[in-house]
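This is what each chain is made of:
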Amino acid sequence: MKTNAVNLIEQEWILPGNRTCPGCALSLAYRHTLKALEGQCIVTVPASCATVLHGMYPITAVNVPCVNTPFASTGASATGLVAGLKALGKKGITVLAFAGDGGTHDIGIQSLSGAAERQNDFIYMCYDNEGYMNTGNQRSGSTPLGAVSGTTPVLGKQQYQKDMTAIMEAHGLPYVATCSASYPLDLYEKVKKARTIEGTRFIHVHTPCPPGWLFPFSDTIRIGEMAVETGLVVLYEIEDGIFRLTSASESLALKGGTLQPVREYFISQGRFKTITEEQIDELQNWVNARWKHCLHRATNL
Amino acid sequence: MTSKLVGIESSLAVSEAVKLANVDVIAAYPITPQTHIVESLAEMVANGDLDAEYIPVESEHSAMSACLGSSAVGARTFTSTASQGLILMHEVLLVAASLRLPIVMAVANRALSGPLNIWGDHSDAMITRDSGWIQIFVENGQQAFDQTLCAFRIAEHKDVLLPTIINIDGFHISHVIEPIYFLDQQTVNEFLPPYKHPYALDPDTPVTIGCFAGPNLYTESMKALDSALRESKKVILETWQKFGEITGRQYKPVEKYKTENADTILITMGSYSENAMMTIDKMQSEGKKVGLVRLRLWRPFPYEEIVEAISGVKNVIVLDRAISLGGPAPVCSEIRAALYATEKKPQIVSIVGGLGGRDISPADFITIVELGIEKIKSGKTEETIMFGVRE
């Protein structure tokens, strides 16, 4: 039976009163991830917004065991957790690495790549708020073209985002998927599936950030939806090399595959205040080409 | 107890000790002069001689990160490194100590770049001084074997729970083939029973470890860690006492060699102590009043023992195999600090030598002692002597 809002597991592993900003998409993504794992996990978290969510000593808002590691350590620490559990004969515990885009695309890429190449048995989830939001919004390898940040002032970033999911797919992983915090049931299903698969599993989650992206706290879900409707974020999964569109991206494709223009998305956020018409056109072309590629690849249409 | 004498390279003896310790997880990256240790462990795991998880990580940073993970779930964990590898681990070393994870690591001490140099000195250990790890120095392969076993028992003791480094001089110890007494498995099992970390991560008893602490708690965290490290000396002494009862090999934080009646004492650490002993024998046979003090325990620093060993002596000459650029040599600096509050302060001379694998022969030690005494006579003890430097 497909999960819906009615039959979704009621138990919570993120307790009320965590330290995230209002409208934080990361807490939503994390909440549904822990539900899908039913708390039977050990989490490794590098220095990031998730550290803040977890709370300040001696209080934590999260009811699963967690080790906070140095920024570049996430993938390797997950390897160690897995090896330790295996050596001690402990079964049925999923190791979850939960890192932001800075900790994944940039400083953590080596230890993640190493662990993935070794096919170590854990789920790596990258919650992508497209910048170093915990330090007040600086550019990362995942900051989009045209976005203004603390280190891409005035003109905005001049380069495209790094396609981390494609990089991880190239490691030959048994499961990679993209999600959005705006589609929590899709995320829930993917984590549930990933839980049953052995090897390194990579899940990318788009998590809009109101204070970093400069939009009202109440608009988080809508911004995430717009990213999917415009094709800037495509929801898919690749299981043993088989590519499937899922959730809203699948529906879009089945309804004829027409995307909303990207312009609306850029207008909705203060970080794109200096994006140029040429950049919007360039991004529209990029989105169109990628969407076409996804439609071509999808095996479930 | 049965004890077998084996001719073996010291690195392989360390691996044998790790195997006897029945380690659960090894995560390591190759670096000269440590590589033989992890290669032989990989072989033991592949052959089925050692039932452990061997993780061939992609860097030392990841090696220590993986050790952090495996130790956090309560697995007995070992790694080995040297030089650049050790300093690449650095940020994780400090976290491992603060998380109270009893990881054991053999460091085949080697110089730091640059210039790139693969040979031995103590630069890597010295730059790791303040990381919160227990640090023990050894002088030969037998001690490397013994102290590797002791390290697990010390690190995992419920009153300690601190990571521990055994410093094994690169090449001068790591690559030397020596006759070494091995212990049998039963003796090791009795000396080193299985351990259970009291706060191992487990979904049934969820805790967060390593979360952030503000200005109101950071100081207290540091105080707690510092106290744990200082108080670990009690367990270190107990462990060495017990080990001595089993093997007859006695270890102390500060070890004296023919210091009775000496008015000049040379202080060394690590493998060069053995050459220094030969020199002391020779000089004493010539009627010179020279003795040797060897520092075994580097962290926690054995203040009382060093004061007991050298206060009242006229001259002290400290050999450091590391340089603190722009400051006093690290071992000498500690010894001066330890002696400052005592009434009968010796004159202390600092000598830096043996850097980047440069040998110090027994004949050189005679020169070192003479240079030291000369320096004291000249009254310029504040100057550090760079031994053997070509200017």
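Residues numbered from 1 in each chain as written. Chains lettered and ligands numbered in written order. Predicted model: local features only at pLDDT ≥ 70, side-chain atom pairs only at ≥ 80, totals over all residues. Heavy atoms only, no water.

**Student:** I'd like a description of a nonpolar patch on the surface, backed by residues and values.
**Tutor:** Residues and elements named next belong to chain B. Together, Ile 323, Leu 325, Met 386 and Val 389 make up an exposed nonpolar region whose accessible area comes to about 370 Å². If you trace the backbone, Ile 323 turns up in the loop between β14 (315–320) and α12 (330–340). Ile 323 gets classed as partly exposed once you look at its relative accessible area, which sits at 39%. (Patch = residues over 30% accessible without salt bridge, like charges linked within 9 Å, V, L, I, M, F, W, Y side chains within 5 Å. Areas by Shrake-Rupley, 256 points an atom, 1.4 Å probe, with all protein chains shown as cover. Salt bridge = Lys/Arg side-chain N within 4 Å of Asp/Glu carboxyl O. Helix = DSSP H or I, 4+ residues; strand = E, 2+ residues; numbered from the N terminus. Buried < 20%, exposed > 50% of the residue type's maximum accessible area, 1.4 Å probe, protein only.)

**Student:** Break down the side chain of Arg 299 of chain B for me, citing the residues and quoting the values.
**Tutor:** Residues and elements named next belong to chain B. With respect to the element layout, Arg 299 can be found in strand β13 (residues 297–299). At a separation of 2.4 Å, a polar atom in the side chain of Arg 299 contacts the side chain of Glu 334. Among all residues touching Arg 299, those that are not within four sequence positions of it are Arg 129, Asp 130, Trp 133, Ile 134, Gln 135 and Glu 334. (Polar contact = N/O pair within 3.5 Å; in protein donor to acceptor, adjacent residues only side chain to side chain. Contact = heavy atoms within 4.5 Å.)

**Student:** Go over the domain arrangement of chain B, please, and point to the residues and values.
**Tutor:** Residue and element names in this part refer to chain B. The domain boundaries assigned to chain B delineate domain 1 (3–247) and domain 2 (254–386). Computed from C-alpha coordinates alone, the two centres of domain 1 and domain 2 are separated by 28 Å. Buried surface at the junction of domain 1 and domain 2, summed over both partners, amounts to about 2300 Å²; 55% is from carbon and sulfur atoms. Seen at the junction of domain 1 and domain 2, the total is five salt bridges. (Domains from an automatic or database assignment. Buried area = accessible area lost by both parts, 1.4 Å probe.)

**Student:** Tell me about the sheet that holds strand β10 (residues 254–257) of chain B, residues and numbers included.
**Tutor:** All names here are of chain B. Ordered by their spatial adjacency, six strands build an open sheet running β10-β12-β11-β14-β15-β16, and the pairing between neighbours is mixed. Sheet topology places β10 and β16 (385–386) at the edges, where each strand pairs with a single neighbour. In this sheet, strand β12 (residues 290–295) lies alongside strand β11 (residues 264–268) in parallel orientation, the contact comprising five bridges. Of the residues in β12, the one forming a bridge with Thr 264 is Val 290. The strands touched by helix α10 (residues 272–285) are β10, β11, β12 and β14; relative to β12, the strand with the most contacts, the crossing angle is about 165°. (Pairing = 2+ DSSP bridges. Axes fitted to C-alpha atoms, helices over the stretch in contact; angles between N-to-C directions.)

**Student:** Break down the environment of Glu 383 of chain B for me, with residues and values.
**Tutor:** Mapping Glu 383 of chain B onto the fold places it in the loop between α13 (362–378) and β16. When the C-alpha positions of Glu 383 of chain B and Val 349 of chain B are compared, they lie 7.8 Å apart, and in sequence the two are 34 residues distant.

**Student:** Tell me about the interface of chain A and chain B, and name the residues and values.
**Tutor:** The interface is formed by 41 residues belonging to chain A together with 38 residues belonging to chain B. For the pair chain A and chain B, the summed buried surface comes to about 2900 Å²; carbon and sulfur atoms form 68% of the total. Counting across the interface, chain A meets chain B through eleven residue pairs in polar contact (both at pLDDT 80 or more). Among the secondary structure elements, those contributing two or more residues to the side of chain A that touches chain B are β1 (41–46), α2 (49–54), β2 (66–69), α3 (74–87) and α5 (109–117) of chain A. Counting residues per element, the side of chain A that touches chain B draws most heavily on α3 of chain A, at ten residues. Taken together, the residues that form the side of chain A that touches chain B break down as 20 nonpolar, 17 polar and four charged. Pairing of β2 of chain A with strand β9 (residues 208–209) of chain B involves two bridges; the strand directions are parallel. (Nonpolar A, V, L, I, M, F, W, Y, C, P; charged D, E, K, R; others polar.)

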